[in-house]
Amino acid sequence: MTPRNILRYAYYPGCSLHASAGEYDLSTRELFKKLNIGLTEVPDWFCCGATPAHNVDELLSLSLCAKNLELAARVGGDLAVACAACFSRLKTTQHVLSESDVKRQQVEKAIDAPVPLNGNVKHLLDILARDLGLERLGQAVTKPLFGLKVACYYGCLLTRPPEVPNLDCVEAPTIMEDVLRAIGAETVAWSHRLECCGANFTLSRPGVVLQLSHAILDSAKAAGADCIMVACPLCHGNLDIRQKEIEGVYSTHYAMPVFYITQLVGLAAGLKADKLGLDALIVNPMPLLKEKGLL
Amino acid sequence: MSRIGVFICHCGENISRTVDVERVAAEVGKLPGVAFATDYKYMCSDPGQGLLKKAIREERLSHVVVAACSPRMHEKTFRKAVESAGLNPFLCEMANIREHCSWVHQDRKEATVKAIELVGMMVERVKKNRVLPTITVPVTKRALVIGGGIAGIQAALDIADAGYEVILVEREPSIGGHMAQLSETFPTLDCSQCIMTPKMVDVANHPRIRLYTYAEIERVEGYIGNFQVTVRRKARSVIEEKCTGCGVCMEKCPVKKIPNKFDQNLGMRPAIYVPFPQAVPNTPVIDRENCIKFKTGKCGVCRKVCGPGAVDYEQEDRLIVEPVGAIVVATGFDLYSIEEKPKGSPIKGYGEFGHGRIPDVIDGMTFERLASASGPTGGKILRPSDGREPKQIVFIQCVGSRAREKGISYCSKICCMYTAKHTMLYHHKVHDGQAYVFFMDARTPGKNYDEFWRRSIEEEEAVYIRGMVSRLYQKGDKIVVMGSDIAVGVQVEIEADMVVLATAVQPQKGADALAQKLGISYDKYNFYSEAHAKLRPVECATAGIYLAGACQGPKDIPDTVSQASAAAAKVIILFARDQLEREPIVARVREAGCVGCFYCKKVCPYGAVEEKEIRDRQGNLVKVVAYVNPGVCGGCGTCQATCPSKSVELDGYTDEQIVAMIEAL
Amino acid sequence: MHPEKTKHAFEPKIIAFVCTWCTYAGADLAGTSRMQYPANVRVLKFPCTGRIDPVFILKAFQQGADGVLVSGCHPGDCHYIAGNFHARRRFAAFRKLLEFVGVDLGRLQFSWVSAAEGGKWVEMVTGLTERVRLMGPMQEFKELALEEQWSGAINTPELQEAYNSI
């Protein structure tokens, strides 16, 4: 299939990207500008309800996403989503509502508009790897990330549950590794690529989060990774922001930078550190990047 | 004018609950040609059949319609009854008002109306039925057994012992099948080889068994009593009659490191090999894909060292046609592999168990080879990755089985028992080791089975954890098994040295292709279908073909042997007769109308249509017409639907009969 | 448990031509599994779909059928080796003819239902019944059949002449 030359998307950043994950938003916009991919932010978008809404009130959680889908449809084009949790909720809403007419009618009454069920919701990964394509992505690389050993962390929501996201193989996805190899980085084989970081419990049971995130960091380190790459602000929060805390509780030392996918791809595409928000990362990536000669 | 008798069955309450049988009898009684109509509680019972026979005699009935269950169930029963009352059996028809009416509808009024119409259609049809004489055909008293595992061996020995010749065809170079791979057998723990090899030798030495190993079924033609089977004997590159089985060729073969399938690829074999030392026949075969001689043309060592001169590089596949009267299918099973499955396959692999990429995650059959005294480790339980003895071992049951989301919903039946056996074997061999078993349910019906399972827990110290494993991953040289213990309600994590998966039992690859050659039916998993789940469990719906063993569904050894002997008994029953009566549902040509276009010949799948010359008294050729050989005709009727001049008719399904039914609508 | 039965203004007549080995057995399985489907269908058993002459379908429409279902073994599974392949080709051509004559092909369904697919049989019958119910009665062929009878009964001079000349 020949890729379309002009790529243009409606863009749903999600709450995190306007708060703790500002660098994800920044790097996404800058990278897409660099790659000539159009992004139009959905006007008046609001929270998708992740992660607590669907545990409390299904109708509410579906309606939140349905309204956002409806707003996005007015922009036109496929919807680009950066956050794995937003991606999962929006896709799940489409799935649930297309399976159940009753729920769809309830939701449509709640948001007072028809729900667009057929619009494509795409994660940034999908856009980079498939819409743009690995070949064109490779051509955009000016500074390949040679020698950087990356542990690709999918987390639990990008591929699961099996019937919803349809992004890649549920148990053995390769899409992140494909993107990284296209930009010259090295990927490590490790065991916790698809484990949960505990995002749901970030506030209510931080002990659980520490335990789960510790296992992930441990496994990445054991596999010989220099850094971790994520595609979700919630995973990032747990692995990066809480890393110091984990090191304290488990008396260990990682100093393992955690990048967003757009930051690493942006770096390879020749974007400068300030355009990628690298300074906003808690675990300082500069020593590693300097050591590998990537700055 | 016909005098038709109609008999409506209540089938206890099965029919009468939804269908007003009395009203049906009253309504069809009014139809022209119906001389007698009644209803009865159980038409198939002795008094029911008695009623039928009495009515035929007293009412001088010319035709009979029985409205009851499916004709697949009792058509034979009623036709026999009709025959014993002096009518031709083919003047009796059945209307299916149970499976097609009372069981599938709830509205009494609707069901009753439908039943009346169904019976009415049959009344119109039966008026057009003709007297059909039964056709007798001779029986070839030789049997074909496909598959040389324990099922095929048992069936072959039983039939041969009864005095009939048997052709036993096995795809692999040796008979023995999966049972020859096992170490010990449940529930007695006797060694599989010790009870299996004598039977294999019996087969080899039996004067009435002709053994074709390294052979496959190419084509099957004919019908019950008269099959023509073409067997492809693959080129062995070793002449069986000359080979003495001394084994020098295998010793001298320079290629030594080919993974041996018999040892689940753990052990190695040369390019000229027998799969295992007790193989029957003890004649090696050259694996042409890996042989240097076949790959490069050089080498030829085995031919040089072979004293009797048995090695023949030029040998080719041979096709042999064998006439047989009955076929026993015993192709056995294969194990579900957890590897990634191709897109579109209804069966999915196990990504959560590493898609088969972790070397110390093995399946049950591989464990059997490790535990077997004649196996690649000499009976020591050692890890395939580094040869160390595993001190913590985890067994996971129901891998693939009972997992609808993986594409298989059935229970594989044997895994609970063999896993219990594995924990025992492990405990006997690794005294300081600990075995854990994750299980959903323990299913141990069978003589001495539950006792055996309990022993694995109570005496052999296996820890059984009720719950499934969500995921396992490699951590250093350990495998971390994450699961849940639903009895206690906690998550469990075990660092194991080895994991054994009790993978699902599946039919052999290519089971569907063989079924298509044989013309037998199979289910969505490719297990072969028996004619009736309870009452005809060893016969196929296709006459003259019988099933034995795991090709019909997962089975353990005792069940397999029982079914094999049952299949043999069915064959022996068939062979006890010299002549076989076959249904006279065959096509006949109306020669006056036939113009000799022979479209029928083109479409006939049996090659039953012949060309027949019609000559006048002077011997001048008038025309050439089609002739259907009634012995060969399968009775599908494709010729009739194809014939442009409607000059060929299938007895029992004539245009007249069918149009009469349609017109009765 | 049982849903309330809805009354319909029009109950179509559905004729099913099926082979005895697969679809008839599949319909039997639907029965033994106590599945439920509309009572509109009447099943005619053939040894094989290969035996089913397209004329029977025309005949069925003439006799008042509003929908016809033809079903046999899945390709490759024919009890008679290849009958269903012949049927498949025959009906592919026949559908074109029917379409040419102006018959709505929604009234005619060909499918494969194996002996293990009781559920598929139920789906098939239910689907066709519902579809044909929406389409309404099939009049064209019925009227043709009536005309045929009528012209057969009438005593035209041409017919008389023809009889006399024999």
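The rules behind the values
Residues numbered from 1 in each chain as written. Chains lettered and ligands numbered in written order. Predicted model: local features only at pLDDT ≥ 70, side-chain atom pairs only at ≥ 80, totals over all residues. Heavy atoms only, no water. Salt bridge = Lys/Arg side-chain N within 4 Å of Asp/Glu carboxyl O. Helix = DSSP H or I, 4+ residues; strand = E, 2+ residues; numbered from the N terminus. Buried < 20%, exposed > 50% of the residue type's maximum accessible area, 1.4 Å probe, protein only. Contact = heavy atoms within 4.5 Å. Buried area = accessible area lost by both parts, 1.4 Å probe. Polar contact = N/O pair within 3.5 Å; in protein donor to acceptor, adjacent residues only side chain to side chain. Nonpolar A, V, L, I, M, F, W, Y, C, P; charged D, E, K, R; others polar. Domains from an automatic or database assignment.

**Brief notes about the pattern of salt bridges**
Residues and elements named next belong to chain B. If you walk through the whole model with that rule in mind, you get 69 salt bridges over all chains. In this structure, Asp-441 engages Arg-402 in a salt bridge whose closest nitrogen and oxygen atoms are separated by 2.7 Å. Taken together, the residues Asp-441 in the loop between β22 (434-439) and α13 (449-458) and Arg-402 in the loop between β21 (392-399) and α12 (415-429) connect sequence positions 39 residues apart. Using a relative accessible area of 26% as the deciding quantity, one classes Asp-441 as partly exposed. On the basis of relative accessibility, which here comes to 25%, the residue Arg-402 falls in the partly exposed class. As a salt-bridge pair, Lys-570 and Glu-539 come within 3.3 Å of each other at their nearest N and O atoms. Note that Lys-570 is positioned in helix α15 (residues 557-575) and Glu-539 in the loop between α14 (511-518) and β29 (545-547), a separation of 31 residues in sequence. Sharing partners across several salt bridges, the network here consists of Asp-360, Arg-383, Asp-386, Arg-388 and Asp-477.

**As for the interface of chain A and chain B**
Chain A puts 6 residues into the contact, and the matching count from chain B is 8 residues. Across the chain A/chain B interface, buried area totals approximately 570 Å², and carbon plus sulfur atoms make up 50% of it. Three residues, Glu-171, Ser-191 and Glu-195 of chain A, lead the burial of chain A against chain B; their summed loss comes to 63% of the area buried on that side. Here chain A and chain B share 1 salt bridge between them. Salt-bridge contacts for Glu-195 of chain A lead to Arg-471 of chain B; the nearest nitrogen and oxygen are separated by 2.3 Å. Connecting chain A to chain B are 3 residue pairs in polar contact (both at pLDDT 80 or more). Grouping the constituent residues of the side of chain A that touches chain B by class yields 2 nonpolar, 2 polar and 2 charged.

**Observations regarding the interface of chain B and chain C**
Every contact between the two is made by 45 residues of chain B and, on the other side, 46 residues of chain C. Between chain B and chain C, a total of about 4,200 Å² is buried, with carbon and sulfur atoms accounting for 58% of that surface. Joining chain B to chain C, the criterion identifies 5 salt bridges. Listed by contribution, the elements that provide at least two residues to the side of chain B that touches chain C are α3 (71-84), α4 (98-102), α5 (108-127), α17 (638-642) and α18 (655-663) of chain B. Broken down by element, the side of chain B that touches chain C gets its largest block of residues, 6 residues, from α18 of chain B. For the side of chain B that touches chain C, a count of residues per class yields 19 nonpolar, 16 polar and 10 charged.

**A few points about the domain arrangement of chain A**
Interfaces are frequently sized by the accessible area removed from exposure as the parts join. All names here are of chain A. Domain parsing of chain A yields domain 1 (7-123) and domain 2 (141-291). One C-alpha centre belongs to domain 1, the other to domain 2, and the line joining them spans 23 Å. Contact with domain 1, which involves 23 residues of that partner, is made by 26 residues of domain 2. At the junction of domain 1 with domain 2, the criterion picks out 3 residue pairs in polar contact (both at pLDDT 80 or more).

**Section: the environment of Gly-375 of chain B**
Residues and elements named next belong to chain B. Position of Gly-375 relative to the elements: it lies in the loop between α11 (364-371) and β21. For the pair Gly-375 and Ser-345, spaced 30 residues apart in sequence, the C-alpha to C-alpha distance is 33 Å. In this structure Gly-375 touches Asp-263 and Arg-369, once residues within four positions along its chain are discounted.

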